[in-house]
There are 2 protein chains.
Amino acid sequence: MSTQTPAAETPAAETTAPTTDESGALRPAADGYVQPAVDVPALTRLLDGRYAEVRALVRHNLVEHAEILTDAETLSRADYRDRVRDLTVVLAATGQTGMGFPVEFGGGGDVGASIAAFETLAFGDLSVLVKVGVQFGLFGGAIQQLGTERHHERYLRPLITGELLGCFAMTETGHGSNVQAIGTVATYDVATGEFVITTTREDAGKDYIGNAAAHGELAVVFAQLEVGGEGRGVHAFVVPIRVDGEPAPGVRIEDDGLKMGLNGVDNGRLWFDEVRVPRESLLNRFADVTAAGVYESSIENPNRRFFTMLGTLVTGRVSVGAAGISASKVALTIAVKYALQRRQFEVSDDGEEELLLNYGMHQRRLLPLLARTYALHFAQEELSTQLHDVLSGVSDDEQTKRELESRAAGTKALGTWHATRTIQECREACGGAGYLAENRFAALKADTDVFTTFEGDNHVLLQLVAKGLLTDYASEFEDMDQLGMARFVAGLAVETVVEKTRVHQLLERVRDLLPGGDEWDQEAGLLDPEYQLAMLRFREEHMISGAARRLKRGVDQGMPAGAVFSRVQDHVIGAADAHMERLVLEAFVARTRALPEGDQKVALNLLCDLYALSVIEADRAWFMEHGRLSTQRSKAISREVASLCRKVRPLAGDLVDAFGVPTEMLRAAALIGDLA
Amino acid sequence: MSTQTPAAETPAAETTAPTTDESGALRPAADGYVQPAVDVPALTRLLDGRYAEVRALVRHNLVEHAEILTDAETLSRADYRDRVRDLTVVLAATGQTGMGFPVEFGGGGDVGASIAAFETLAFGDLSVLVKVGVQFGLFGGAIQQLGTERHHERYLRPLITGELLGCFAMTETGHGSNVQAIGTVATYDVATGEFVITTTREDAGKDYIGNAAAHGELAVVFAQLEVGGEGRGVHAFVVPIRVDGEPAPGVRIEDDGLKMGLNGVDNGRLWFDEVRVPRESLLNRFADVTAAGVYESSIENPNRRFFTMLGTLVTGRVSVGAAGISASKVALTIAVKYALQRRQFEVSDDGEEELLLNYGMHQRRLLPLLARTYALHFAQEELSTQLHDVLSGVSDDEQTKRELESRAAGTKALGTWHATRTIQECREACGGAGYLAENRFAALKADTDVFTTFEGDNHVLLQLVAKGLLTDYASEFEDMDQLGMARFVAGLAVETVVEKTRVHQLLERVRDLLPGGDEWDQEAGLLDPEYQLAMLRFREEHMISGAARRLKRGVDQGMPAGAVFSRVQDHVIGAADAHMERLVLEAFVARTRALPEGDQKVALNLLCDLYALSVIEADRAWFMEHGRLSTQRSKAISREVASLCRKVRPLAGDLVDAFGVPTEMLRAAALIGDLA
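- For chain A, the name recorded in an unreviewed UniProt entry is acyl-CoA oxidase, with Nocardioides dokdonensis FR1436 as its organism.
- UniProt, in its Sequence similarities (unreviewed entry) section for chain A, records the words "Belongs to the acyl-CoA oxidase family."
- In its Cofactor (unreviewed entry) section, the UniProt entry covering chain A states "FAD".

### Some remarks on the state of the cysteines
1) Next: A complete count under the given rule lists zero disulfides over all chains for this structure.
2) Next: The cysteine C645 of chain A is free of any disulfide, with C426 of chain A supplying the nearest cysteine sulfur at 14 Å.
3) Next: Since its relative accessible area comes to 1%, C645 of chain A is described here as buried.
4) Next: Unpaired in this structure, C608 of chain B has its nearest cysteine sulfur neighbour in C645 of chain B, at a distance of 15 Å.

### Remarks on a negative patch on the surface
1) Next: The grouping of E163, E217, D244 and E246 of chain A at the surface amounts to a negative patch.
2) Next: For E246 of chain A, a relative accessible area of 53% gives the class exposed.

### A look at the interface of chain A and chain B
1) Next: Taken together, the contact pairs 108 residues of chain A with 108 residues of chain B.
2) Next: Between the two partners, chain A and chain B, sit ten salt bridges.
3) Next: The interface formed by chain A and chain B includes 46 residue pairs in polar contact (both at pLDDT 80 or more).
4) Next: If you tally residues by element for the side of chain A that touches chain B, the top one is helix α20 (residues 561-593) of chain A, at twelve residues.
5) Next: Each residue belonging to the side of chain A that touches chain B can be placed in one class, and the counts come to 39 nonpolar, 38 polar and 31 charged.

### Some details on the relation of the copies chain A and chain B
1) Next: Mapping chain A onto chain B leaves a residual RMSD of 0.0 Å; the transformation is a rotation of 180° accompanied by 0.0 Å of translation along its axis. As the rotation angle and translation indicate, the two copies are arranged about a two-fold axis. Scanning chain A for the C-alpha nearest the rotation axis identifies A621 of chain A, at a separation of 2.1 Å.
2) Next: The share of interface residues of chain A whose copies in chain B are also at the interface is 100%, consistent with both copies meeting through the same surface.

### Points about the pattern of salt bridges
1) Next: This model, assessed by the stated rule, comprises 80 salt bridges over all chains.
2) Next: The residue R364 of chain A makes a salt bridge to D570 of chain B at a minimum N-O spacing of 3.6 Å. Separated into two different chains, R364 of chain A in helix α11 (residues 360-391) and D570 of chain B in helix α20 (residues 561-593) make up a pair that spans both.
3) Next: Exposure remark for R364 of chain A: the relative accessible area of 21% places this residue in the partly exposed category.
4) Next: Across the pair R279 of chain B and E280 of chain B runs a salt bridge whose closest N-O atoms are separated by 3.7 Å.
5) Next: Through salt bridges with shared partners, one network takes in D207, E254, D256 and R269 of chain A together with E438 of chain B.

### Regarding the environment of F101 of chain B
1) Next: Position of F101 of chain B relative to the elements: it lies in the loop between α5 (77-93) and α6 (111-121).
2) Next: Aside from chain neighbours lying at most four places away, what touches F101 of chain B is G107, G108, G109, F136, G140, G141, Q144, L156, L159 and I160 of chain B.

### Topic: the side chain of K601 of chain A
Residues and elements named next belong to chain A.
1) Next: Inspection of the secondary structure puts K601 in helix α21 (residues 599-618).
2) Next: Among the polar contacts listed, one links the side chain of K601 to the side chain of E597, at a separation of 3.1 Å.
3) Next: Each residue touching K601, except ones within four places of it in the same chain, is listed here: T592, R593, L595 and P596.

### Examining the packing of helix α10 (residues 314-339) of chain A against helix α13 (residues 441-448) of chain A
All names here are of chain A.
1) Next: In the contact formed by α10 and α13, the axes pass within 11 Å of each other and the chain directions differ by 155°. Relative to α13, the element α10 lies roughly antiparallel. When the axes of α10 and α13 are compared, the crossing they make is left-handed. Note on element contacts: α13 touches α10 through F441, L444 and T448, opposite A327, V330, A331, I334 and A335.

### A short note on the sheet that holds strand β9 (residues 251-255) of chain B
Residue and element names in this part refer to chain B.
1) Next: Pairing is antiparallel in the open sheet, where three strands are placed in the order β4-β10-β9. The two strands at the open ends of the sheet, each matched to only one other strand, are β4 (206-209) and β9. Direction aside, the axes of adjacent strands within the sheet are offset by 20° on average.
2) Next: When β4 meets strand β10 (residues 268-272), the two strands line up antiparallel, connected through two bridges. Residue I209 lies in a different strand from β10, and its bridge partner there is G268.

### Some points on the environment of D599 of chain B
All names here are of chain B.
1) Next: Examined against the element boundaries, D599 turns out to sit in helix α21 (residues 599-618).
2) Next: As a C-alpha pair, D599 and M624 span 25 residues in sequence and 35 Å in three-dimensional space.
3) Next: Excluding anything up to four places from it in sequence, D599 contacts P36 and A37.

### Considerations on the domain arrangement of chain A
Residues and elements named next belong to chain A.
1) Next: Partitioning chain A into domains gives domain 1 (12-23 + 314-344 + 352-663), domain 2 (43-161) and domain 3 (166-300).
2) Next: Residue-level contacts link seven residues of domain 1 with four residues of domain 3.
3) Next: Taken together, both faces of the contact between domain 1 and domain 3 bury some 450 Å²; the carbon and sulfur share is 65%.
4) Next: At the junction of domain 1 and domain 3, the tally comes to zero salt bridges.
5) Next: Viewed at the interface, domain 3 and domain 1 are joined by one residue pair in polar contact (both at pLDDT 80 or more).
6) Next: When grouped by side-chain class, the residues that make up the side of domain 1 that touches domain 3 number four nonpolar, no polar and three charged.

### Concerning the nonpolar core
1) Next: Counting residues in each nonpolar core, the largest one holds 358 residues, and the members touching the most others are Y374 and F441 of chain A together with Y374 and F441 of chain B.
2) Next: Leaving out residues up to four positions away in the same chain, F441 of chain B has contacts with M260 of chain A together with A331, I334, A335, I423, C426, R427, C430, G434 and L671 of chain B.

### Examining helix α12 (residues 398-429) of chain B
1) Next: When the terminal C-alpha atoms of α12 of chain B are compared, their 46 Å separation across 32 residues agrees well with the 46 Å that a helix rising 1.5 Å per residue should span.
2) Next: Two residues or fewer after α12 of chain B comes G431 of chain B, characterised by a positive phi angle close to 60°.

Cut-offs applied
Residues numbered from 1 in each chain as written. Chains lettered and ligands numbered in written order. Predicted model: local features only at pLDDT ≥ 70, side-chain atom pairs only at ≥ 80, totals over all residues. Heavy atoms only, no water. UniProt positions renumbered as here; feature names shortened; annotations may be inferred. Disulfide = S-S within 2.5 Å. Buried < 20%, exposed > 50% of the residue type's maximum accessible area, 1.4 Å probe, protein only. Patch = residues over 30% accessible without salt bridge, like charges linked within 9 Å, V, L, I, M, F, W, Y side chains within 5 Å. Areas by Shrake-Rupley, 256 points an atom, 1.4 Å probe, with all protein chains shown as cover. Salt bridge = Lys/Arg side-chain N within 4 Å of Asp/Glu carboxyl O. Lys, Arg positive; Asp, Glu negative; His and termini not counted. Charge placed at Lys NZ, Arg CZ, Asp CG, Glu CD. Contact = heavy atoms within 4.5 Å. Polar contact = N/O pair within 3.5 Å; in protein donor to acceptor, adjacent residues only side chain to side chain. Helix = DSSP H or I, 4+ residues; strand = E, 2+ residues; numbered from the N terminus. Nonpolar A, V, L, I, M, F, W, Y, C, P; charged D, E, K, R; others polar. Least-squares fit on C-alpha atoms with pLDDT ≥ 70 in both. Axes fitted to C-alpha atoms, helices over the stretch in contact; angles between N-to-C directions. Parallel < 35°, antiparallel > 145°, perpendicular 65-115°, else oblique. Left-handed = near helix turned anticlockwise from the far one by under 90°. Pairing = 2+ DSSP bridges. Domains from an automatic or database assignment. Buried area = accessible area lost by both parts, 1.4 Å probe. Core = buried A, V, L, I, M, F, W, Y, C linked by side-chain atoms within 4.5 Å. Expected span 1.5 Å × (residues − 1).

Structure representation (structure tokens):
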């Protein structure tokens, strides 16, 4: 439970909101509020958006192969892995996993469709999802994004069908987040025209690599390129790791063994002992080595080159964030349905026990998470559209690309943390029954746990977001590490820092909206989106410029840049978090504003208000500390959150139904019975 | 991550605290602070307390049978269950599991020792722990506490050796927390002198019952007693459920199947179809039925009788809370050791990457949890002593018993939520490596997840705590349900409510200490324990009387009691939480104050300050809203928490070593290597 204690204590809370009868139906309240009716199919269409057809295909496939959810529990680990591989190939044949690849090689030629398919697939078994992500997103994506025609011609068609399975071998035991420091080396041998791939230390072995332990034939291996005795930084190579089911010569493979979850994916470790691959194995979109051993690259700066290569990971991050949000939808669907049929304790004289969702505490536990899930859905939708536009070339200037990378990183962090928190709360809200494997929470919790870590550790990703904010996505600074960031900021005048931040303009706008003192407190309605946005914008701007000032001041005072960064780190990460929350709210507000007047708009506005005020409530201490909230208004926000929960309560069943999670993916017959 | 954003932004934070060199060693700071040295063995002795010998025995046994940690991963579920059963019997032979039973039946005659043994056992495989808890705590405890000599003579000796395995069959599929509403019935048949046990509805089957699916021969079954057509409320009966490995006649048994964790425990479901047991099967300590069918009880009021029987569950709650705290110690030991050897990213020019624990964010993530673990340890120690005194008859008046029950309920809630949160944070802090089963987090997370639910759902337990606070543990109100509580409170004048609350006296004291306005803000030191205690006492009192007022006002305004309770529920639960945090801080402060001057006291004072200020910081919005914290002082608290984290940082390794978790229980060789 939260350590935040509720503030609402005035009679207003007990008198102004509409009254709920036993079934949760509302009578019109004194303030004229009339409960909207939710048209579930229409809301599902809205959520599904422009890829409704793709999502329908995936939902159909999920139901068709629903038995994988029980296979996950009954098969041996080895058999489960094989089952997941087989199902991946079957799904590939339906076209749902190849949407993002070029049409000429058998793909769908639509990145947005590919994200929508992946997002929907996350309603089902998550080992299948991650296997698909490894094969088509990471391995396939690396071939497509980092390779050139020779690689596309050779590999894309068989990898899209799943005939050729491969790995994305970047992470090493000794280095996860700091990829630039990996210890695998690829030395060019001009005599033979080959690269020699070598793991230089035991802990430089590739680790946690999907498809490595059992099924992969090839790996895209990231290694420090050395040409003519000169280090050229990290590059990617296609390396055979398995031939006829046995490790290729010079390759040592180890199974990562049992994991907390995702045991249908064969994660493993790879070590290379002078493995020779032809010169053409270098994925040479951004750099190449001639036969004579001359290194050539279109990108001069080695750091920039590295981060450009890493930028191709953006699709993976967008996908994982989407999957986290989908997993949250599954958990909430089960927990809300359970709370709509489970009764506990009598609270009136009619002798019947009360429905769980009629308890205030239960509403407080689940409904803000429901609102946040909707908010993240729309933020994710906007991000997917941006990704689609950048990768399709609709908009691909450098600034847009960097902003996309930042937004993908931040949304991934928010979406996956949300999944961890939501699934945990939903499990607890289902009591002991939630602990049984047949009720899905066991798998949801175990499988999603690593989402906060893979495709970039969430804290490191928020640092990336902060770097962009602090440096205004300046091209010359995009490749800075933490040390560089601290020094860069320290080298500027404070005014320049604030000037450089994108949100400087916002600051002006916020100043107009928040004329200082408690004027807003007295005048503005809590349910005015402009007020909510102004609050989140003010917090973001204040935190970014504050972090910049602290970095600068520390260095100016003579502290080592590392020590300064360490001390300001939570502030820096908090600023990135504030930035992301603002983007999420903007996306949600924009989406609801664009709707025609009607019940759907009323319902989504309730959720949007609940999301916005929950965010402000959670950080109300900060707003009070910074003069943006009086103590009276802070209490009023807590009361409004409780009131919004009561208004959302009668809609809750419809709101989870609208997610469109197939009944078969809920299982949980014992928990939700007929409501499933 | 927390949605709370840090407030510290003033130069003070960057200048006053001591400077850390790369190894984390501190130089004396400008303010004269000198880092204490931690004598690890001495601190372990302090933590182990008066049961050091018992704990040594359990640690020895854990190491002796450490292979169970790998068996859990490699054996089939059926074999793992058998292995856990066999190990339970082996442990029983060493005496460690029977410490709480009377000496005359082969027990140790020391309840405190029994809790200490259980607490220490929680460093190891948690299926073993729960199997031990089911057999000796729940089943054995029910026989001992609810039965009389005839049951003790017959069952205690074989159950203490583990020769006779049994179940505690209370929870039903349809009713968990609301035991009074269960649907199993025991009808007395005067003609044969037998009770007839019947499951009246499919969802009245006993569920999640440990030892039911495979190993149990007997079950203590809770059922509605009916004598001569009259319902007498819930009573407990000894019922054979399995004969020669097969279900006893009339008993249907179903396996609960795969669970999120604890798969070494054979949880199952039981249905009874007119199962006949002799009259002597009634556990008749508090009530009996004569052969002629006359119902007799020493406790007149049926509700009171029920809650007296339930009061015997207190040992189980004390044990589960202790286990949660122990599991947190294991997780923190691994995560802190990992952070003391894992390096990531360069932050200075020496070319070496930085240790994780030197990052401010990493300190913020782990060290307040470390401080809270110490705080809960001492609170738990005080609770165990109280339990020992009550069960040994040292102090057993009704008021003391009720306060013990309340405190056990609240500490269980805090300890198990702490485990969930700590294990999750530690797993994330260990990155992808934390996801591998060999590194313990998988089992820790999955096994402890249900701790927040079993032996009482945490929210329901906090409501129990609140009920005690609101009714001053008045004997005539102890048996009230939620509806009764709301009505009771509504029936009083507000002054009476405040009068009745135990904390009324505290209010006076707090008023003296907090003379109003911001006087404290200007004068008192944040590190003064009297200030910290006054803050937590004020919050507690204010929330309890506020909740009482809201309950009363709602009913007075004519709202149905159920609706009022629903709205005030989060406030009620928040008040209970505030009460518990105050008790925890009092225990920690008392323990450190009693220490002789020296480094150990300095180190524990750092942790106590960090705990207290973290609690205040987490709820600083509430304190500001209620005029107990200025915005300036609120920011100062955040800065002080960060500063305390930096001071605890160099001690962190020693502080986790002092928990005395055997190296073999850490596994995690890949994570912590030589530091294990």
